[in-house]
Amino acid sequence: MWLFVAFVAVPIIEIALFIQVGGAIGTMPTIGIVILTAFIGTWLMRTQGRLAMGNLQRSFSEMQDPTEPLAHAAMILVAGVLLLTPGFFTDALGLGLLIPAFRAAVFLFLRSRVRVHQFGQRPSPGAHPNDPRTRRTHSKRPDVIEGEYEELDPDDIPPRGQSGWTRH
């Protein structure tokens, strides 16, 4: 039901705002403002998106919970969609989502409404055999490195100096 209300209410609000602003400043300035906010929003979305992706990558590399950086990145994406949608109401919402303090408030509100029952991390299928997080053990000795090899015929080995990957 909320989605239906949003799809009906947002266009009505946008039309009303277009009529009000267009009546106050004229048609061409109104269209100019809509186009200008789309350009400014695109630029802000790019800069904020780079920061959010950097934070997300940092959380992955430091093995921290990526929930908040991922939520910020998603909100920046939604902000971009709202800013590219013509209208004053959607532009205001989009610009609001590009403000880090507003995003943090939205995140805290959503976090209070969502319950996570279980969160964990499993090792990847190609995890190193000596990794303590891996359940399977290939070798009983930690100093043994397992691998596969293929014996090459000495005649098939390229001459020294050419790797075979480049053309000379």
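For the structure, check the block above.
Quick summary incoming for the structure in this document. (Residues numbered from 1 in each chain as written. Predicted model: local features only at pLDDT ≥ 70, side-chain atom pairs only at ≥ 80, totals over all residues. Heavy atoms only, no water.)

What follows concerns the packing of helix 1 (residues 2-25) against helix 2 (residues 27-61). Two elements in contact, helix 1 and helix 2, have axes separated by 7 Å at closest approach and are oriented at 125°. The angle between helix 1 and helix 2 places the two elements in the oblique class. Here helix 1 runs over helix 2; the crossing is right-handed. Facing helix 1, whose interface residues are Phe18, Val21, Gly22 and Ile25, helix 2 presents Thr27, Pro29, Thr30, Ile33 and Val34. Of the residues assigned to the contact of helix 1 with helix 2, the class counts are six nonpolar, three polar and no charged. (Axes fitted to C-alpha atoms, helices over the stretch in contact; angles between N-to-C directions. Helix = DSSP H or I, 4+ residues; strand = E, 2+ residues; numbered from the N terminus. Parallel < 35°, antiparallel > 145°, perpendicular 65-115°, else oblique. Left-handed = near helix turned anticlockwise from the far one by under 90°. Contact = heavy atoms within 4.5 Å. Nonpolar A, V, L, I, M, F, W, Y, C, P; charged D, E, K, R; others polar.)

This paragraph deals with the side chain of Arg103. With respect to the helices and strands, the residue Arg103 is situated in helix 5 (residues 100-113). Lacking a salt bridge, the buried Arg103 has Glu68 as its closest oppositely charged neighbour, with an N-O distance of 8.5 Å. Setting aside its immediate chain neighbours within four residues, Arg103 contacts Gln48, His72, Met75, Ile76, Leu97 and Leu98. (Buried < 20%, exposed > 50% of the residue type's maximum accessible area, 1.4 Å probe, protein only. Lys, Arg positive; Asp, Glu negative; His and termini not counted. Salt bridge = Lys/Arg side-chain N within 4 Å of Asp/Glu carboxyl O.)

Moving on: the packing of helix 3 (residues 67-84) against helix 4 (residues 88-97). Between two packed helices, the angle of one axis relative to the other and the distance separating the axes together describe the packing. Relative to each other, helix 3 and helix 4 sit at 155°, their axes nearing to 8 Å. Classified by the angle between their axes, helix 3 and helix 4 sit roughly antiparallel to one another. The two elements helix 3 and helix 4 meet at a crossing, and its hand is left-handed. Of helix 4, the residues touching helix 3 (which contributes Met75, Val78, Ala79, Leu82 and Leu83) are Thr90, Asp91, Leu93, Gly94, Leu95 and Leu97. Split by residue class, the contact of helix 3 with helix 4 holds eight nonpolar, two polar and one charged.

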